[in-house]
Every structure is written in C-alpha cells, then in structure tokens.
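Observations on the three-dimensional arrangement
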Amino acid sequence: QVQLVESGGGLVQAGGSLRLSCAASGRTFSSYSVAWFRQAPGKEREFVGTINRIVGNTWHADSVKDRFTISRDNAKNTVYLRMNSLKPDDTAVYYCAARLGVWSNRETDFDSWGQGTQVTVSS
C-alpha cells in the first residue's frame, strides 16, 4: 500500500478545465498502476480512467475519453487527471487509487485510496 493525497478540485463553470493531482509516497511508485474513480450525488462510484505501471499507457472510460487525460510523473510520485470541457454531469467526488500490478478499471483491484476531492461544475 501507498499513501495517496489528492488535490486540485474546486468549482468551475461548464466548459472550463481542472487538473487533479494524486501525490503518492514510496520509492517504488513506478511499479504501481493508478486509477481515477468518481462518485456523483445519488449514484454509485464509477471508473474514470487508469494509467499502467512503468510504461504509463492509459485507458479512459467512454464517457470521458474525449475530454479527460491521465498522466504521471514518477520523479514526483504524482498522477494527474486533466479535465477539459467540463459538464455539470461531471460533478462528483473524484478518488485516486493505486495497486502494485497492471492497470485495471475495477475498484476491488485497488488497495490504496485517496481521500477524494470535490469537483463541482456549474451551468
């Protein structure tokens, strides 16, 4: 397990952009795959995207793949979620999660989770 600290959430108007950060502890961060999930009010938590260990290839949910981009900076032990063209339906608490293995879109594959950061998109 690693400790994860999220930041970058806030209030933005529709069409705007935000970049979320997920800072991790540990010297073997490059061996961890990371994913982003979100939970909107009254809804179940859903997969947003994931970035693979080492190579860093990415995979995004269909609902966001044209607008969101995951990246990582292993030297800084940080994973980012760049969100463009935000919509009110993107309003949710966003969580990052990590696992010592290959990328995944399944919550149960991850054993390290951040505290969540609120993203609110106004119309």
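Scroll up to find the structure.
Since this is a predicted model, take the numbers as computed values, not measurements. (Residues numbered from 1 in each chain as written. Predicted model: local features only at pLDDT ≥ 70, side-chain atom pairs only at ≥ 80, totals over all residues. Heavy atoms only, no water.)

Turning to the state of the cysteines, a few remarks are in order. Across all of its chains, the model carries one disulfide by this definition. Each disulfide pairs two cysteine sulfurs, and for Cys22 the partner residue is Cys96, the sulfurs being separated by 2.1 Å. Taking the torsion about the S-S bond as the criterion, the Cys22 to Cys96 disulfide, at about 65 degrees, is right-handed. Here the residue Cys22 occupies a position in strand 3 (residues 18–24), and Cys96 occupies one in strand 9 (residues 92–99), the gap between them amounting to 74 residues. Each of the two residues, Cys22 as well as Cys96, counts as buried. (Disulfide = S-S within 2.5 Å. Helix = DSSP H or I, 4+ residues; strand = E, 2+ residues; numbered from the N terminus. Buried < 20%, exposed > 50% of the residue type's maximum accessible area, 1.4 Å probe, protein only.)

The tendency in soluble globular proteins is for nonpolar side chains to be buried side by side. Counting 33 residues, the largest nonpolar core has Trp36, Phe68, Leu81, Met83 and Tyr94 as the members making the most contacts within it. At the level of elements, strand 3, strand 4 (33–39), strand 5 (46–51), strand 7 (68–73), strand 8 (78–83), strand 9 and strand 11 (117–122) are the ones that each hand at least two residues to this core. (Core = buried A, V, L, I, M, F, W, Y, C linked by side-chain atoms within 4.5 Å.)

Checked against the element boundaries, Val121 lands in strand 11. Taking the C-alpha atoms as reference points, Val121 and Asp90, 31 residues apart in sequence, are found 6.7 Å from one another.

Strand pairing in a sheet is mediated by backbone hydrogen bonds. Such pairs are either parallel or antiparallel. Taken in spatial order, the four strands line up as 1-3-8-7 in an open sheet, and their pairing is antiparallel. Of all strands in the sheet, those bounded by a partner on one side alone are strand 1 (4–7) and strand 7. For this sheet the average axis-to-axis angle between neighbouring strands, irrespective of direction, equals 15 degrees. Relative to strand 8, strand 7 runs antiparallel, the two being bridged by six bridges. In the sheet register, Thr69 faces strand 8, and the bridge partner there is Arg82. (Pairing = 2+ DSSP bridges. Axes fitted to C-alpha atoms, helices over the stretch in contact; angles between N-to-C directions.)

Here we come to the side chain of Glu6. Structurally, Glu6 can be placed in strand 1. Of the side chains with opposite charge, Arg45 lies nearest to the buried Glu6, which makes no salt bridge, at 8.8 Å. Separated by 3.5 Å, the side chain of Glu6 and the backbone nitrogen of Thr117 make a polar contact. Ignoring anything within four residues of it in the chain, the contact list for Glu6 reads Ser21, Cys22, Trp36, Tyr94, Tyr95, Cys96, Gly114, Gln115, Gly116 and Thr117. (Lys, Arg positive; Asp, Glu negative; His and termini not counted. Salt bridge = Lys/Arg side-chain N within 4 Å of Asp/Glu carboxyl O. Polar contact = N/O pair within 3.5 Å; in protein donor to acceptor, adjacent residues only side chain to side chain. Contact = heavy atoms within 4.5 Å.)

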